[in-house]
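# Analysis of the macromolecular model
Chain by chain, the residues run as shown.
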Amino acid sequence: MRCLYREKKYICGEYIDVDIYPVFSTSRGGRGKKAKCSSAAQERLNQHNREKKFSRLVMTNFTSSDLCIHLTYNGDHLPGNDEAVKKQFRNFIARLKRYRKKHGLPSLKYMSVTERGSRNGRYHHHTIVNCGDMPAPVLVELWGQGYVDIKVLQFDQCGVEGLSRYFCKGRKKKAATDEDIGETIGYSWTCSRNLDKPIESKRDGRLSARKVKELSSFGEYDGNLEYEKLYPGYEFSQANPFYNDINGGFYISLRMRKITNRKLTKKIRGE
């Protein structure tokens, strides 16, 4: 069975994600038998993929000028069921859109998840919005259902990994889009239809099996110089190497961040 290593790259704003993995083919042109993962391993993989998809969309569509807001309900506006909370959130999104259109602001972009507290049963929303150009009191007024916690969206060297885990924890259903929050509260995140997708590309055979094995020997935060040689213009953030003892293949999930002029100047000076 012949094996080539494939690089699948996602350009997400100032970050890139690269998945490096083996592609097998038989000499007769047929497909090798696909090994099955255990249910636990498959669920871990699915969760990893959910978090990656979410973080890539955030990094592609939002910046540190945008906001992460948390919306709760006070005693006077408690929705009675899932359908009521969906309606409340849809109405909030509609009010945001009208405000932005009226004031000549760019179209609303958002990503959100709705949850229900396990102890008190209260609904709440966690939402990323491109509303850093709106005054905080206006956001509070447009919500009008209770408390609003407004924070600037923060990116670190690894992007929004922590936020992605928080938004995607326990999700089991496919992400909804636009005005639909999903069939079950707390199981899916929703987003506006106007989000840009990461730019995807792939190529086979640039990295030899020996090179991928070498890269896999580094830890999660090691091997930065080797990766930066492969992807000039980007600095190393994080890599997750994995060896599959079923097919003997090496897998690497890599994230890197674009080197800005300021960072490049520091590197040249050796600071």
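Since the model is a prediction, treat every value here as computed from it, not as a measurement. (Residues numbered from 1 in each chain as written. Predicted model: local features only at pLDDT ≥ 70, side-chain atom pairs only at ≥ 80, totals over all residues. Heavy atoms only, no water.)

### Re the overall build of the chain
Of the regular secondary structure elements, the chain holds seven helices and ten strands. Accessible surface, the chain: about 15600 Å² in total, of which carbon and sulfur atoms supply 50%. (Helix = DSSP H or I, 4+ residues; strand = E, 2+ residues; numbered from the N terminus. Areas by Shrake-Rupley, 256 points an atom, 1.4 Å probe, with all protein chains shown as cover.)

### Examining the sheet that holds strand β5 (residues 123-129)
As summarised here, the arrangement of the five strands in space is β6-β3-β5-β4-β7, forming an open sheet in which the pairing is antiparallel. A single partner strand is all that each edge strand has here, and the edge strands are β6 (148-152) and β7 (189-191). Here the average twist between neighbouring strands, direction ignored, is 20°. Packed on one face of the sheet, helix α3 (residues 136-143) meets β3 (67-72), β5 and β6 and runs near 140° to β6. Packed onto the sheet, helix α4 (residues 161-168) meets β3, β4 (110-116), β5 and β7 and runs at close to 145° relative to β5. (Pairing = 2+ DSSP bridges. Axes fitted to C-alpha atoms, helices over the stretch in contact; angles between N-to-C directions. Contact = heavy atoms within 4.5 Å.)

### A closer look at the packing of helix α2 (residues 82-102) against α3
Packed helix pairs are characterised by how far apart their axes lie and by the angle those axes make with each other. Where α2 meets α3, the closest approach of the two axes is 9 Å, and the angle between their N-to-C directions is 140°. The angle between α2 and α3 falls in the class oblique. For the pair α2 and α3, the sense of crossing is right-handed. Here α2 contributes Q88, F92, R95, L96 and Y99 to the contact with α3, which in turn contributes V138, L139, L142 and W143. A per-class count over the contact of α2 with α3 returns seven nonpolar, one polar and one charged. (Parallel < 35°, antiparallel > 145°, perpendicular 65-115°, else oblique. Left-handed = near helix turned anticlockwise from the far one by under 90°. Nonpolar A, V, L, I, M, F, W, Y, C, P; charged D, E, K, R; others polar.)

### Re helix α5 (residues 209-216)
Burial in α5 covers these residues: V212, L215 and S216. Across the axial projection of α5, the buried residues extend over an arc of 100°, all falling on one side. Opposite the packed face of α5, turned more than 90 degrees from it, sit the exposed residues R210 and K213. Residues of α5 that are buried in the fold lie against β1 (2-12), β2 (15-25), α6 (224-230), β9 (234-244) and β10 (249-258). (Buried < 20%, exposed > 50% of the residue type's maximum accessible area, 1.4 Å probe, protein only. Arc of directions from axis to C-beta.)

### A look at the packing of aromatic side chains
For any two aromatic rings, the description comes down to two numbers: the centre-to-centre distance and the angle of the planes. If you walk through the whole model with that rule in mind, you get eleven aromatic pairs. Look at Y15 and F155: their rings are 6.5 Å apart centre to centre, the planes differ by 25°, and that puts the pair in the stacked class. On the criterion of sequence distance, the pair formed by Y15 in strand β2 and F155 in the loop between β6 and α4 is long-range, its members being 140 residues apart. Ring geometry for Y243 against F250: centres 4.9 Å apart, planes inclined by 45°, an arrangement best described as tilted. (Phe/Tyr/Trp six-rings, centres within 6.5 Å; stacked < 30°, edge-to-face > 60°.)

### Concerning the sheet that holds β1
Read across the sheet, five strands follow the order β8-β1-β2-β10-β9 without closing on themselves; strand pairing throughout is antiparallel. Strand pairing shows two members of the sheet lacking a second neighbour, β8 (199-204) and β9, which therefore form its edges. Neighbouring strand axes in the sheet, compared pairwise and without regard to direction, differ in orientation by 20° on average. Across the sheet, α5 is in contact with β1, β2, β9 and β10; its angle to β10 comes to roughly 70°.

### Comments concerning the environment of T60
Its place among the elements puts T60 in helix α1 (residues 39-61). In the structure, T60 is positioned 47 residues away from G13 in sequence and 4.6 Å away in space, judged by C-alpha atoms. Beyond its immediate sequence surroundings of up to four residues, T60 is in contact with I11, C12, G13, D196, K197 and P198. In this structure the side chain of T60 is engaged in a polar contact, spanning 2.7 Å, whose partner is the backbone oxygen of R56. (Polar contact = N/O pair within 3.5 Å; in protein donor to acceptor, adjacent residues only side chain to side chain.)

### Some details on α3
Residues of α3 that are buried: V138, L139, L142 and W143. An end-on view of α3 places all buried positions within 135° of arc, on one side of the element. Exposed residues pointing more than 90 degrees away from the buried face of α3 are listed as P137 and E141. Buried positions along α3 lie against β3, α2, β5 and β6. The first or second residue beyond α3 is G144, which carries a positive phi of 65°.

### Side note on the pattern of salt bridges
Across all of its chains, the model carries 16 salt bridges by this definition. E83 is paired through a salt bridge with K86; the nearest N and O atoms lie 3.4 Å apart. With E83 and K86 both in helix α2 and three residues apart, this pair spans about one turn of that helix. When its relative accessible area of 7% is taken as the criterion, K86 is described as buried. Salt bridges sharing partners connect three or more residues here, namely D17, D19, R56, E161 and R255. (Salt bridge = Lys/Arg side-chain N within 4 Å of Asp/Glu carboxyl O.)

Shape descriptors only; they carry no functional weight alone.
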